[in-house]
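What follows is each chain in one-letter form.
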Amino acid sequence: MPESPVSVGNGEFCFTVDVTGLQSWPERYPVEARTSDEAPGTLLGTLSQWGWHSFPGGYALDETRRVYQTPTGPVPYVDLGGEMDLATTQEPGQSDAEQWLRANPHRLDLGRIGFVLNGEVLPEVEDARQRLDLWAGVVESSFRVDGHEVRVWTLCAPDDDVIAVRVESSALAVGLGVRFAFPYGSGAWGNGADWGRPEAHATTVHESDGGWQVERCLDDTQYWVAIGAEDARLERVGAHEFVLTSDSGVLELRVGFSEQRGQGPAGFAELEAGCRRSWADFWVSGAAVELSGDPRAPELERRVVLSQYLTAINCAGSLPPQETGLVCNSWRGRFHLEMHWWHGAHFALWGRPELLERSLGWYERILPAARETARLQGYDGVRWPKQVAPDGRESPSSIGPFLVWQQPHPIYLAELIRRTGSREAVERYGRIVLESAEFMASYAVPTERGFQLGPPLIPAQESYSAIRTELVNPTFELAYWRWGLLVAQEWRGYLGLSPEPRWAEVADGLVPAPVRDDRYAAIDGEPWTIRSDHPSMLYALGLVPDTGYINPATMRRTLAGVLGDWDWESTWGWDYPAIAMTAARLGEPDTAVDALLLKATKNDFLPNGHNRQTPSLPLYLPGNGGLLAAVALMAAGWHGADGPAPGFPAGWTVRHEGLLRSP
């Protein structure tokens, strides 16, 4: 099905293929454009963690700051004129600076590699079959074209940005070839390739031992594509297009992408052996869960297994992932730090903390920028941004700069690493934890009722963005603030430091979580709880461990109310595992499983495991990562839970090994 292609990758690089085993028909796997003036993208992307591009020019964030009144005085925020819009063209009320800063840098689709026949688009094929061997990390494809059988094996090197492809077919001798095409960068919301500006970039080919080196120049961005193939010819057929052909019945193609020119890729046999060995090691390491005893168990197991594969190839890199990973762009390839927990917490819970640590260290790199944001606003410590690129620069927005629930995430993620038994975790992440807490304590405002959060503020339930100038005390953020400060205080002890009195004062003195009609409200004040988007007040006792701040009976009534009347079409893929974690901690395992498998548009998992949301957001990795985090909590339990698999109901048989107990 066109919504469900398969990918190979290693966390730093990913290559997604159609049924031919290459990217022969990108237009058949569309990512719908968000606006009428944008070209649609494709699910058949070639994306990396290092491949970024910016249009010429540039602006400074100071050109987008607006002053907001807070209880402690005026504070500048990186804002967006008018209503937030995803369009790339100028919108009323939005400046050139705001538009440029939202669109740059953008993640670059590095190239398209697909079959052609006699230089033309591959015609319809027959008897198409495809299988992803999860144990080996190899896509096996077969089809018939023009009367010839074609067999294709596609894989990605475990430690290099290299794909290897073996093609066996008599069609190679009569016109079957492989087309390489390279685009310009795109500022479109969901498209990393602009094919309409051939004059804006340059592609130069250099012959090398055993193949060719393709030099790519796009403004200030440069990268190289090393092509290796024996007994083959490479012919230029356009300014940025080439066709590789061979008279042999077997073609072993290797293609490496890198920021600098390097040596040609290794041979196919060596790459295949390394790939198979790496994936076998992946599956025998870490944790495993076996579910039975309920008709829904096989489907939940399917989602669990495929989510492990998808997060390994998309979320285990040196940067926090974008929500569509390395399959296709969303939000121009930029990543969202409030989603980092959902992308990565499960790695530690499933016994693979090293995969989380690859991106957790990135916070250290952006400490100066995050510290400067806090300083400009008059706070201590670091204020982590929301929507960013590798440089950690915030994007102008009428929503993102006002979110705060990403602030405790690095504390939580670092604490998970520490709980795996890592002796180095405290030294490695201590500064991140302590400076996060310093901001949290200074951000809280003392009032007669206790310390409050905001204004201005937008909670995880972004439905309240229009009242950000007056919004205070969202339930989820209050509970998360307390837990984060308490954990950071423990880290001071691990580091040999004395307790910080201010942190304790804020953690113990937060205003009570708002209650309306015997249920927790989303925010403190009108309109209390909008019944759409994320039911985030539930997550104050679910994602957030129990600290005595939340009353379980009140939360139980809140959960029942959400399940009774929430607008499920407006939710997102991570809401369902989040609800499951809350239900599990409340002692309602039947509800937990029902939430994980609730029939809803955005809780669907396609045959390839993609948690599809909309035509413009065709996969959503926070849903996959959230599922794994919820299953780990339900199976291995959490601090204070009793009995085996406390999050699963009677009748289920749950066997697991290697899972980390949740906080």
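Our structure's up above, just so we're on the same page.
If you're wondering where the values come from, they're calculated on a predicted model, not measured in any experiment. (Residues numbered from 1 in each chain as written. Predicted model: local features only at pLDDT ≥ 70, side-chain atom pairs only at ≥ 80, totals over all residues. Heavy atoms only, no water.)

Visitor: Explain the packing of helix α14 (residues 589–596) against helix α15 (residues 621–636) to me, please; I cannot follow it from the model alone.
Guide: Any two packed helices are characterised by how steeply their axes cross, that is the angle between the axes, and by the distance between the axes. Two elements in contact, α14 and α15, have axes whose closest approach is 11 Å; the angle formed by their N-to-C orientations is 160°. Taken together, the axes of α14 and α15 lie roughly antiparallel to each other. Both α14 and α15 take part in a crossing whose hand is left-handed. Contact residues: Ala 592, Val 593 and Leu 596 in α14; Leu 627, Ala 630, Val 631 and Met 634 in α15. For the contact of α14 with α15, a count of residues per class yields 7 nonpolar, no polar and no charged. (Axes fitted to C-alpha atoms, helices over the stretch in contact; angles between N-to-C directions. Helix = DSSP H or I, 4+ residues; strand = E, 2+ residues; numbered from the N terminus. Parallel < 35°, antiparallel > 145°, perpendicular 65-115°, else oblique. Left-handed = near helix turned anticlockwise from the far one by under 90°. Contact = heavy atoms within 4.5 Å. Nonpolar A, V, L, I, M, F, W, Y, C, P; charged D, E, K, R; others polar.)

Visitor: How do you make sense of the pattern of salt bridges when you look at a structure like this?
Guide: Should their charged atoms come close, side chains of opposite charge can pair. Inspection of the entire model under this criterion finds 29 salt bridges. Across the salt bridge formed by Glu 124 and Arg 28, the nearest N and O atoms sit 2.7 Å from each other. You can see Glu 124 sitting in the loop between β11 (120–121) and β12 (126–133) and its partner Arg 28 sitting in the loop between β2 (13–17) and β3 (30–31), a full 96 residues away along the chain. On the basis of relative accessible area, Glu 124 is assigned to the exposed category, the value being 55%. In this structure, Arg 482 engages Asp 508 in a salt bridge whose closest nitrogen and oxygen atoms are separated by 3.0 Å. Taken together, the residues Arg 482 in helix α10 (residues 475–494) and Asp 508 in helix α11 (residues 501–509) connect sequence positions 26 residues apart. (Salt bridge = Lys/Arg side-chain N within 4 Å of Asp/Glu carboxyl O. Buried < 20%, exposed > 50% of the residue type's maximum accessible area, 1.4 Å probe, protein only.)

Visitor: Help me understand the sheet that holds strand β16 (residues 176–181), please; the structure alone is not making it clear to me.
Guide: Hydrogen bonds between backbone atoms are what pair the strands of a sheet, whose relative direction is either parallel or antiparallel. Strand order in this open sheet of 5 strands is β11-β10-β16-β21-β20, and the pairing throughout is antiparallel. Of all strands in the sheet, those with a lone pairing partner are β11 and β20 (233–238), marking the two edges. Across 4 bridges, β16 lies against strand β21 (residues 241–245) in antiparallel orientation. Considered in β21, the bridge of Val 178 is made with Leu 244. (Pairing = 2+ DSSP bridges.)

Visitor: Can you help me understand unusual backbone geometry in this one?
Guide: Trans peptide bonds make up the majority, and among non-glycine residues the majority have a negative phi. The amide bond that connects Asn 104 to the next residue, Pro 105, takes the cis arrangement and shows omega of -10°. Within the fold, Pro 105 resides in the loop between α1 (96–103) and β9 (106–107). Going from Gly 454 to Pro 455, the amide bond is cis rather than trans, its omega being -10°. Following the sequence through the fold, Pro 455 ends up in the loop between β27 (450–452) and α10. A positive phi angle is found at Asn 473, which is not glycine, with a value near 55°. Tracing the chain through its elements places Asn 473 in the loop between β27 and α10. For Asn 473, a relative accessible area of 0% translates into the label buried. Although it is not a glycine, Asp 518 sits at a positive phi angle of roughly 65°. Structurally, the position occupied by Asp 518 is in the loop between β28 (515–516) and β29 (519–520).

Visitor: Sorry, what's going on with the side chain of Glu 338 here?
Guide: Locating Glu 338 in the fold gives a position in the loop between β24 (335–336) and α4 (340–349). Judged by its relative accessible area of 3%, Glu 338 falls in the buried class. Residues contacting Glu 338, with those up to four places away along its chain left out, are Lys 386, Leu 403, Trp 405, Gln 406, His 409 and Glu 462.

Visitor: Help me understand the packing of aromatic side chains, please; the structure alone is not making it clear to me.
Guide: The description of an aromatic ring pair rests on the distance of the ring centres and on the angle between the ring planes. Applying the stated rule across the entire model yields 34 aromatic pairs. Look at Tyr 68 and Phe 402: their rings are 5.0 Å apart centre to centre, the planes differ by 65°, and that puts the pair in the edge-to-face class. One end of the pair, Tyr 68, is in strand β7 (residues 65–70); the other, Phe 402, is in the loop between β25 (387–388) and α8 (409–419), and 334 residues separate them in sequence. One exposure class covers both Tyr 68 and Phe 402, and it is buried. The ring centre of Trp 25 lies 4.0 Å from the NZ or CZ of Arg 28, which sits over that ring. (Phe/Tyr/Trp six-rings, centres within 6.5 Å; stacked < 30°, edge-to-face > 60°. Lys NZ or Arg CZ within 6 Å of the ring centre and 35° of its normal.)

Visitor: Would you mind going over the pairing of β20 with me for this structure?
Guide: In summary, the side chains of a regular strand alternate between the two faces of the sheet. Where β20 and β21 come together, 5 bridges link them in antiparallel fashion. Bridge pairing in β21 places Arg 236 opposite Phe 242.

Visitor: Just to check I follow, could you spell out the sheet that holds strand β17 (residues 202–208) for this structure?
Guide: With antiparallel pairing, 8 strands are arranged side by side in an open sheet as β12-β13-β14-β15-β22-β19-β18-β17. Edge positions in the open sheet fall to β12 and β17, since each of these has one partner strand only. With strand direction ignored, the average angle separating the axes of adjacent strands in the sheet is 15°. Across 8 bridges, strand β18 (residues 211–218) lies against strand β19 (residues 221–228) in antiparallel orientation. Paired with Arg 216 across the strands is Tyr 223, a residue of β19. Where helix α2 (residues 268–284) meets the sheet, it contacts β12, β13 (138–145), β14 (148–156), β15 (162–169) and β22 (250–258), and its direction lies at approximately 60° from that of β14.

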